[in-house]
Amino acid sequence: MRPTSLSLLLAVPAAAYGAAVGLLVPRAAYRLAVPYGAPWRAECPGGHPLPGWVGLARCAECAARDAPDGRAAQDRREARGAPGAERGGSGGRGGAYGPGAAAPAVATALACALLAAAAGARPELAVWLLLAPFAVLLAVVDRAVHRLPDAVTLPLAAAGAALLGIAALLPGAAGSWTRALLGGPALGGLYCLLFLANPRGLGLGDVKLAVPLGVALGWYGWGALLTGAFAGFALGAVYGMSLVAAGRAGRKDALPFGPFMAAGALVGLLLGGLTV
């Protein structure tokens with residue numbers, strides 16, 4: 001189906017929604033971007049407790065302390081050994097820490113706008129808009145620490161299957177819930193075989209991420225699933241070869257593959273939405 005005027009019109013509020021929820025990604029990304037075995041972060045770099053999981057990666061206490069009057073007060077506390085003098089350094093300017101907000105907001109806005117233009121006013125569009133921020137979150141975390149947390153990937157698979165099951169009951173749905181349920185284990189199984197064949201090329205996190213992506217791609221059929229999988233590998237290969245050519249990475253260096261899996265899935269969903 002070619003984009004209609006309605007679907008193109010839907011892209012505008014979808015982009016606004018994507019930008020808004022994308023701004024909420026950085027704090028969760030900061031908390032989740034830890035090495036294997038380490039607990040999720042609960043404090044900012046300055047040692048102040050983080051207020052929840054969603055929002056900007058910015059600490060109001062660090063920002064206040066870094067202000068001229070706040071810095072003077074901190075110096076006075078340190079001089080007399082008062083409570084609060086033992087706190088560590090703050091984050092960046094204005095109390096910022098972790099990933100910036102601009103990139104996640106732009107990426108989520110672009111993905112949501114494209115999905116709205118491709119899917120139009122179909123029930124599955126609501127599912128794509130709900131899942132897109134989590135895909136961006138995983139991409140940000142994987143890029144930072146080469147890790148795809150089970151706390152996000154596994155619930156994402158269950159949520160995707162459940163939401164698409166609801167969408168399948170609504171009029172106008174263009175996909176198949178049965179194929180979605182089969183697509184998850186199919187793509188996950190493919191990645192599992194690739195992991196067993198070359199454990200250095202993929203991680204178990206990539207295998208687990210393949211399940212929710214397979215659920216989403218399977219909704220539009222096997223063609224969309226194969227397209228999304230191939231696009232992910234192609235994008236990752238092009239990026240890796242460009243780094244090697246520029247001398248910024250070696251042939252055996254590990255690269256975060258999650259962002260390319262998510263981008264490939266986006267390609268598959270766009271083509272699937274346009275062709276059903």
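Quick caveat, the model's predicted, so the values are computed rather than measured.

Our focus in this paragraph is the overall build of the protein chain. Secondary structure assignment for the protein chain yields eleven helices and zero strands. Ordered by position from the N terminus, the helices and strands of the protein chain form the series α-α-α-α-α-α-α-α-α-α-α. Per-residue burial for the protein chain yields a buried fraction of 44% across its 276 residues. Contacts spanning at least 24 positions in sequence make up 75% of the contacts within the protein chain whose residues lie at least 6 apart.

The subject of this paragraph is the confidence of the model for the protein chain. Here the protein chain shows a mean pLDDT of 88. Residues at 70 or above account for 89%. For the stretch residues 72-90, pLDDT sits under 50, and the model shows 23 contacts to residues farther than four places along the chain or on other chains.

Glancing now at helix α11 (residues 258-275). Taking 1.5 Å of rise per residue, 18 residues should cover 26 Å, and α11 covers 26 Å from first to last C-alpha, within 8% of that figure. Buried residues along α11 sit in contact with α5 (102-119), α6 (123-145), α8 (177-197), α9 (204-219) and α10 (222-245).

What follows concerns the side chain of R122. Inspection of the secondary structure puts R122 in the loop between α5 and α6. A distance of 3.0 Å separates a polar side-chain atom of R122 from the backbone oxygen of G273.

Here the focus is the environment of L255. Along the chain, L255 turns up in the loop between α10 and α11. Judged by relative accessible area, L255 falls into the partly exposed class, the value being 33%. When neighbours within four sequence positions are excluded, L255 is seen to be in contact with H146, Y239, G240 and L243.

Once that is clear, we can look at the environment of G218. Mapped onto the elements, G218 comes out in helix α9. Considered as a pair, G218 and L182 are 36 residues apart in the sequence and their alpha carbons are 7.0 Å apart. Sequence-distant contacts of G218, defined by excluding residues within four places in its chain, comprise S176, R179, A180, G183 and L225.

Next up on the list: the pattern of salt bridges. On inspection of all chains with the given rule, the structure shows one salt bridge. Between D150 and K208 there is a salt bridge, with the nearest N and O atoms lying 3.0 Å from each other. Of the two residues, D150 sits in helix α7 (residues 150-168) while K208 sits in helix α9, which places them 58 residues apart along the sequence.

Right, let's talk about the nonpolar core for a bit. Ranked by internal contacts, the top residues of the largest apolar core, which has 54 residues, are W128, L137, L187 and Y191. The element best represented in this core is α6, accounting for eleven residues. The residues touching L187, leaving out its near neighbours within four places in the chain, are A210, L213, G214, L217, L225 and A229. Counting seven residues, the second-largest nonpolar core is a separate cluster that includes Y30, L50, C62 and Y97.

On to the packing of aromatic side chains. Following the criterion strictly, the structure yields seven aromatic pairs and no others. Consider the rings of Y239 and F260, whose centres lie 5.1 Å apart with planes at 40°: the pair is tilted. With Y239 in helix α10 and F260 in helix α11, this pair connects stretches of sequence that are 21 residues apart. Under the relative-accessibility criterion, Y239 is labelled partly exposed at 34%.

So, about the side chain of R31. Along the polypeptide, R31 turns up in helix α2 (residues 25-32). The side chain of R31 sits in the buried core without any salt bridge; E43 is the nearest counter-charge, 10 Å away.

For the pair α6 and α11, the least separation of the axes is 8 Å and the interaxial angle reads 155°. On the basis of their axis angle, the class for α6 and α11 is roughly antiparallel. Between α6, through W128, A135, A139 and D142, and α11, the contact on the second element is made entirely by G258, P259, A262 and L269. The class makeup of the residues in the contact of α6 with α11 is six nonpolar, one polar and one charged.

The next point concerns α7. For α7, spanning 19 residues, the distance from its first C-alpha to its last is 27 Å, which sits close to the expected 27 Å at 1.5 Å a residue. When α7 is considered as a whole, its buried residues turn out to be V152, T153, L156, A157, G160, A161, L164, G165 and A167. Those residues of α7 that are buried lie in contact with α2, α6, α8 and α9.

On to a nonpolar patch on the surface, then. Where nonpolar side chains cluster on the molecular surface, the patch consists of L24, W40, W53 and V54 and spans about 360 Å² of accessible area. Summarising the element assignment, W40 is placed in the loop between α2 and α3 (60-66).

Reading guide: rules and limits
- Residues numbered from 1 in each chain as written.
- Predicted model: local features only at pLDDT ≥ 70, side-chain atom pairs only at ≥ 80, totals over all residues.
- Heavy atoms only, no water.
- Helix = DSSP H or I, 4+ residues; strand = E, 2+ residues; numbered from the N terminus.
- Buried < 20%, exposed > 50% of the residue type's maximum accessible area, 1.4 Å probe, protein only.
- Contact = heavy atoms within 4.5 Å.
- pLDDT = per-residue confidence, 0-100.
- Expected span 1.5 Å × (residues − 1).
- Polar contact = N/O pair within 3.5 Å; in protein donor to acceptor, adjacent residues only side chain to side chain.
- Salt bridge = Lys/Arg side-chain N within 4 Å of Asp/Glu carboxyl O.
- Core = buried A, V, L, I, M, F, W, Y, C linked by side-chain atoms within 4.5 Å.
- Phe/Tyr/Trp six-rings, centres within 6.5 Å; stacked < 30°, edge-to-face > 60°.
- Lys, Arg positive; Asp, Glu negative; His and termini not counted.
- Axes fitted to C-alpha atoms, helices over the stretch in contact; angles between N-to-C directions.
- Parallel < 35°, antiparallel > 145°, perpendicular 65-115°, else oblique.
- Nonpolar A, V, L, I, M, F, W, Y, C, P; charged D, E, K, R; others polar.
- Patch = residues over 30% accessible without salt bridge, like charges linked within 9 Å, V, L, I, M, F, W, Y side chains within 5 Å.
- Areas by Shrake-Rupley, 256 points an atom, 1.4 Å probe, with all protein chains shown as cover.

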